[in-house]
Amino acid sequence: MTNAATHPLERILAQRIAVLDGAMGTTIRNYGMKEADIRGDRFKNAKKDLLNNGDLFTLTQPNMIGDIHRQFLEVGADILETNTFGATSIVQSEFFVDDPRERGGRKDPEFYQKVIDDKFLGELAWEINEQSARLCREWADRVSNETGRQRFVAGAIGPQTVSLSNSPDADDPGFRVVTFDQVKTAYKQQAKALMAGGAELLLVETIFDSLNAKAALVGIREVFNEAGKELPLMISAAVGRGGETMISGQTVEAFWNAVKHTRPLSVGLNCSLGPDLMYPFLEDMADKANVAISCYPNAGLPNPLSPTGFDLGPADMARYLGEFARAGLINIAGGCCGNTPEHIAAIAKAVEGMAPREIPAMDAAESYARESVSQT
């Protein structure tokens, strides 16, 4: 089996702070897309509104998505995320399947089993992931060749629109809308398609439910075993004011303990409440984890009066990420919601030349465990 530890990005992270790209959804807003633009001819007869299904733009407006990738690369991004945050059959069902709750029913495991088995949704999810990875790969390779600086493609794997940890029914706390195996199956399909399209990293991100993340990580491990090939994993959680994952309620340290057995290339925080409130939780993560630390916060809190929909501008984000770098907390810096290419340009300039956080060496037991995982 190919060992993820040999990936060239790992060597870069020990030498300098790598830059992750910004928010696809925020940047799409600058193009003024309308409902007709996302539908195109292919989805013109869809029964539900599709404009909030940003992943679908990969299929209907690939030139726009490619242009966004180009912009992030040209301002200094080392790592491009695929436009696949919600590209699973489970999330896509929100846009293409009638909601039983509108007829007095409810979503439950029986409903989601039909979603998992649905041929249209499965093929759609595969196509979005594979094509997005191919588009990312094309632009990363093009700019790498033009600049002589290697760029990397991270397959973005979002948190889903369902929770394995919580019941939506206050009168039935044991009820879950979906099963672990159903979520795992959706994630496996996504991971396979991203790998088929040329992703060289897998990024499990914006984790608000650690059990959902577990389903993703178990599914990814099964995909690696079946393919006989392993990619580096990046893992990133979203935290609340107390530093806990939003729904599952784990602290930063508990979250790290829950995922460290996967021996990821990096672990970190993204989205959440913005960089101004993230510092102590990032510091805790950097203190506990012995892998690279990533940080790509929202540009502050949502603000409908702002051009980007969020409070903080490029100079603000540069100041905060620069502070994190000076404190020796990060190896990867970028931006989540509200961060445009202008934000990423400012962040890249702010961390340029700064020393990355020193990644603690694994002891012998951890090194053996990592090798054992890669051979499982």
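About the cut-offs
Residues numbered from 1 in each chain as written. Predicted model: local features only at pLDDT ≥ 70, side-chain atom pairs only at ≥ 80, totals over all residues. Heavy atoms only, no water. Helix = DSSP H or I, 4+ residues; strand = E, 2+ residues; numbered from the N terminus. Rg over C-alpha atoms; globule rule 2.2 N^0.38 Å. Buried < 20%, exposed > 50% of the residue type's maximum accessible area, 1.4 Å probe, protein only. Contact = heavy atoms within 4.5 Å. Areas by Shrake-Rupley, 256 points an atom, 1.4 Å probe, with all protein chains shown as cover. Lys, Arg positive; Asp, Glu negative; His and termini not counted. Charge placed at Lys NZ, Arg CZ, Asp CG, Glu CD. Core = buried A, V, L, I, M, F, W, Y, C linked by side-chain atoms within 4.5 Å. Pairing = 2+ DSSP bridges. Axes fitted to C-alpha atoms, helices over the stretch in contact; angles between N-to-C directions.

Considerations on the overall build of the chain
Assigned secondary structure in the chain consists of 15 helices and eight strands. In terms of overall size, the chain behaves like a compact globule, its C-alpha atoms giving a radius of gyration of 20 Å where 376 residues would be expected to give roughly 21 Å. Considering only C-alpha atoms, the chain reaches an extent of 55 × 45 × 40 Å along its principal axes. Out of the 376 residues in the chain, the part that is buried amounts to 57%. Counting contacts in the chain only where the partners sit at least 6 residues apart, residues at least 24 apart contribute 78% of the total. Accessible area for the chain stands at about 15,400 Å²; split by element, carbon and sulfur atoms hold 51% of it. With 37 positive and 50 negative side-chain charges, the chain shows a spacing of 2 Å between the two charge centroids.

Digging into the nonpolar core
Judged by nonpolar contacts, the single largest core of 96 residues is most densely connected at Leu202, Val267, Leu282 and Ile330. With nine residues, helix H8 (residues 119-147) is the largest single contributor of residues to this core. Among residues more than four places away in sequence, those in contact with Leu202 are Gly155, Ile157, Ala191, Leu194, Ile220, Phe224, Leu231, Pro232, Leu233 and Met234. The next biggest cluster of nonpolar side chains, apart from the first, holds 18 residues, and it includes Ala18, Leu20, Leu265 and Ala292.

What about the sheet that holds strand E5 (residues 233-237)?
One open sheet accounts for eight strands, arranged E1-E8-E7-E6-E5-E4-E3-E2; its pairing is parallel. In this open sheet, the two strands that pair with only one neighbour each are strand E1 (18-19) and strand E2 (79-81). Inspection of the sheet shows strand E6 (residues 266-271) paired to strand E7 (residues 292-297) by six bridges, in the parallel sense. The residue bridging Ser266 from the neighbouring strand is Ala292, located in E7. Strands strand E3 (152-157), strand E4 (201-207) and E5 of the sheet are contacted by helix H10 (residues 210-227), whose axis makes an angle of about 170° with E4. Contacts from helix H11 (residues 252-259) reach E4, E5 and E6 within the one sheet, and its direction differs from that of E5 by about 155°.

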